[in-house]
Amino acid sequence: MTRVSDTQGPTRDHVRDAMLGARDAMLSKEGLPGWLDPVARAAETVRPAQLSRFLPPADGAGRQSAVLILFGDGTPEDQDGEEAGRGPELLLMERAGSLRSHPGQPAFPGGALDPEDGDPRGDGPLRAALREAEEETGLDPAGVQLFGVLPKLYIPVSGFVVTPVLAWWREPSPVGVVDPAETARVFKVPVADLTDPANRVTTVHPSGHRGPAFLVESALVWGFTAGIIDRLLHFAGWERPWDREKQVPLDWRA
């Protein structure tokens, strides 16, 4: 994949265009850290029904969209090993409370495909995931290495057909809220916190629907985002036994 340091003269847009030129060039496991190998392997074998019971409509209905599941190396422990660092992290954001779809919910960066993103059946979702993440969090796409794609899933309440795009934050860049009308905050969650049984709960909606959730970084991560994280932890072999009877109720506005 093209790196900014490997080019001289072109703008960041030109570098990104070079990275996004062809589907084969966009997805690469080259140089991927070993701790991400289980995630990469899971992406190659997992089936749609193993991720969610909500699958895209057979008639092709639904708005095509993509999310970026971005893993970073995080902060390692210090040289003496006396103080443990945060370790590998996952980038999340909290949607603005004024949005029509999923207001106030923690989520992966992402959104609907634009025409300029390209073919929804080809590299369009990969382009959209990077574009939306840049617009929502300010990250530099040139430092992001895409290494896998999960099967398309469906969010019935909003009608989105979502392609989850897996990525490694090869060269981290500053992130934060770009547009408060869209994003309330941007934060990173250590994978160790996500696997900690003490942080895991089951949400119960008044409709009766139950789903996995995470109490991390002063946030309740639930719904579609929590479901994907839950399945990734499971199929990567990172899941630890947790109390599924520990419940958090949701209200009708959720």
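J.: Hey, could you run me through empty space enclosed by the protein in this one?
T.: Summary: where empty space remains is shown by rolling a probe the size of a single water molecule over the atoms. Under the criterion given, the structure shown has 2 cavities of 30 Å³ or more. In this structure, the largest cavity is lined by Val-39, Phe-71, Leu-90, Val-191, Leu-194, Ile-229, Leu-232, Leu-233 and Trp-238. The dominant element in the lining of the largest cavity, judged by the number of residues it contributes, is helix H7 (residues 223-235), at 3 residues. Residues belonging to the lining of the largest cavity are distributed by class as follows: 9 nonpolar, no polar and no charged. Roughly 40 Å³ of volume is contained in the second largest cavity. The wall of the second largest cavity is formed by Ala-42, Ala-43, Val-46, Leu-51, Leu-150, Arg-231, Leu-232 and Phe-235. Those elements that provide at least two residues to the lining of the second largest cavity are helix H3 (37-45) and H7. The element best represented in the lining of the second largest cavity is H7, accounting for 3 residues. Partitioning the lining of the second largest cavity into residue classes produces 7 nonpolar, no polar and 1 charged.

J.: Can you help me understand the packing of aromatic side chains in this one?
T.: How two aromatic rings sit relative to each other is set out by the distance from centre to centre and by the angle between their planes. Evaluated as defined, the whole model comprises 3 aromatic pairs. Judged by centre distance (6.4 Å) and plane angle (35 degrees), the ring pair of Trp-35 and Trp-238 falls under tilted. Taken as a pair, Trp-35 in the loop between helix H2 (23-26) and H3 and Trp-238 in the loop between H7 and strand S12 (247-249) lie far apart in primary sequence, 203 residues in all. Trp-35 gets classed as partly exposed once you look at its relative accessible area, which sits at 25%. Members of the aromatic cluster, connected to one another through ring pairs, are Trp-35, Phe-71 and Trp-238.

J.: Looking at this structure, I do not really get the pairing of strand S10 (residues 210-216). What am I missing?
T.: Side-chain direction in a regular strand flips from residue to residue, so the side chains alternate between the two faces of the sheet. One ladder, built from 5 bridges, connects strand S9 (residues 200-204) with S10; its direction is antiparallel. Pairing of Thr-203 across the sheet is with Gly-211, part of S10. Counting the residues between successive antiparallel strands, the hairpin from S9 to S10 contains 5 residues, one of them, Gly-208, with a positive phi of roughly 105 degrees. Note that S10 and strand S11 (residues 219-221) share 3 bridges and pair antiparallel. Each bridged residue has a counterpart across the sheet, and for Phe-214 the counterpart in S11 is Val-221. Where S10 folds back on S11, the antiparallel hairpin that results is connected by 2 residues, among which Glu-217 adopts a positive phi of roughly 50 degrees.

Cut-offs and rules
Residues numbered from 1 in each chain as written. Predicted model: local features only at pLDDT ≥ 70, side-chain atom pairs only at ≥ 80, totals over all residues. Heavy atoms only, no water. 1 Å grid on protein atoms, 1.4 Å probe; cavity = no way out; pocket = protein on both sides within 12 Å on 5 of 7 lines; lining within 4 Å. Points joined across faces, edges and corners; volume = space filled by probe spheres on them. Helix = DSSP H or I, 4+ residues; strand = E, 2+ residues; numbered from the N terminus. Nonpolar A, V, L, I, M, F, W, Y, C, P; charged D, E, K, R; others polar. Phe/Tyr/Trp six-rings, centres within 6.5 Å; stacked < 30°, edge-to-face > 60°. Buried < 20%, exposed > 50% of the residue type's maximum accessible area, 1.4 Å probe, protein only. Pairing = 2+ DSSP bridges.

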